[in-house]
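Here are the chains, one letter per residue:
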Amino acid sequence: MRRGGSDREVIVVEPDGGSSIGWLLFGAALGAGLALLFAPASGAETRKRLTRSAKRIKETAADALEEIRDEFDDFTDRAVEKVDEVKAAARETGEEIEDGARAVVSRHRSGVSQAREELERRLADARARRRSEAEDQEPVA
């Protein structure tokens, strides 16, 4: 294929001049007329049937809606229960972590106090040695 050449295929779309909506309405009117001509029952009987069918459809829709509401309520109740369980587990875990941290701090405090006592004892020993050494070396005059 050449660049800028005339090998391109051109497609032309021409409108058919008719409206699709017009044909749709015509078909609907024709179907309604044929339905009335070939209906097996009288107009009053057909209206009763249509009314009964509409009531059944309405009842079915109401039942389906009620069922959906019940399922949604059950779902939200289960979700709330799960959230409460997670909150309780988080609280328990937090308390366990807090207790563990307190135990670690307590162990470290006792270790720190023992180390301090050891350092103070060594310092006292060192001071005592220094005094005894100082006393052993009397100044020469």
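Every value quoted in this text rests on a predicted model; they were computed, and no experiment measured them.

Criteria and cut-off values
For every chain, the first residue of the written sequence is number 1, and numbering continues from 1 onward in sequence order. Note on the predicted model: pLDDT of at least 70 is required for a residue's local features to be given, and 80 or more for side-chain atom pairs to be given and counted; whole-chain, interface and lining totals, by contrast, use all residues. By convention in this description, side-chain values take in all heavy atoms of the structure and omit both hydrogens and water. Only DSSP runs of H or I reaching four residues or more are called helices, and only runs of E reaching two or more are called strands; each is numbered from the N terminus. Partly exposed describes any residue whose relative accessible area lies between the buried limit of under 20% and the exposed limit of over 50%, with all areas from a 1.4 Å probe on protein chains only and scaled to the type maximum. Per-residue and other accessible areas follow the Shrake-Rupley method at a 1.4 Å probe size, with only the shown protein chains counted as cover for residues. Stacked, tilted and edge-to-face are the three classes assigned to paired rings of Phe, Tyr and Trp, where Trp is represented by its six-membered ring and a pair needs centres within 6.5 Å; plane angles under 30 degrees give stacked, over 60 edge-to-face, the rest tilted. Take the residue count of a helix, subtract one, and multiply by 1.5 Å to get its expected span. Each patch is built from salt-bridge-free residues with over 30% relative accessible area, joining like charges within 9 Å and nonpolar side chains (Val, Leu, Ile, Met, Phe, Trp, Tyr) within 5 Å. A side-chain nitrogen of Lys or Arg and a carboxyl oxygen of Asp or Glu constitute a salt bridge if their distance falls within 4 Å. Here, two residues are considered to be in contact whenever any of their heavy atoms come within 4.5 Å of each other.

Undergrad: Now, about the overall build of the protein: what can you tell me, with residues and values included?
TA: Of regular secondary structure, the protein possesses two helices and zero strands. Per-residue burial for the protein yields a buried fraction of 0% across its 141 residues. For the protein, the computed accessible surface area is about 13,700 Å², with 57% contributed by carbon and sulfur atoms.

Undergrad: Tell me about the packing of aromatic side chains, and please be specific about residues and values.
TA: What the rule picks out here adds up to one aromatic pair. Taken together, a centroid distance of 6.1 Å and an interplanar angle of 90° make the contact between Trp-23 and Phe-26 edge-to-face. Note that Trp-23 and Phe-26 are positioned in helix H1 (residues 20-37) at a spacing of three residues, about one turn of the helix. Overall, the relative accessible area of 61% leaves Trp-23 in the exposed class. We classify Phe-26 as exposed; its relative accessible area is 51%.

Undergrad: Pulling in residues and values, what's your account of H1?
TA: In this model, H1 (18 residues) spans 26 Å end to end at C-alpha, consistent with the 26 Å of a helix rising 1.5 Å per residue. Burial analysis of H1 places just zero of its 18 residues in the buried class, a small minority of the element.

Undergrad: A description of a nonpolar patch on the surface should follow, citing residues and the corresponding values.
TA: Together, Trp-23, Phe-26, Leu-30, Leu-34, Leu-37 and Phe-38 line one region of the surface with nonpolar side chains, adding up to about 760 Å² of accessible area. Within the secondary structure, Leu-30 sits in helix H1.

Undergrad: Pulling in residues and values, what's your account of the environment of Arg-49?
TA: Mapping Arg-49 onto the fold places it in helix H2 (residues 43-136). A residue is classified by how much of its surface remains accessible, and Arg-49, at 42% relative accessible area, is partly exposed. Here Arg-49 is in contact with Pro-40 and Ala-41, once residues within four sequence places are set aside.

Undergrad: Talk me through the pattern of salt bridges; I want residue IDs and the actual numbers.
TA: Under the defined criterion, the tally for this structure stands at nine salt bridges. For the salt bridge of Glu-118 with Arg-121, the shortest nitrogen-to-oxygen distance reads 2.4 Å. Here Glu-118 and its partner Arg-121 are both found in helix H2, three residues apart, which amounts to about one turn of the helix. Accessibility expressed as a relative area gives 43% for Arg-121, which makes it partly exposed.

Function cannot be read off these values alone, since they describe shape.
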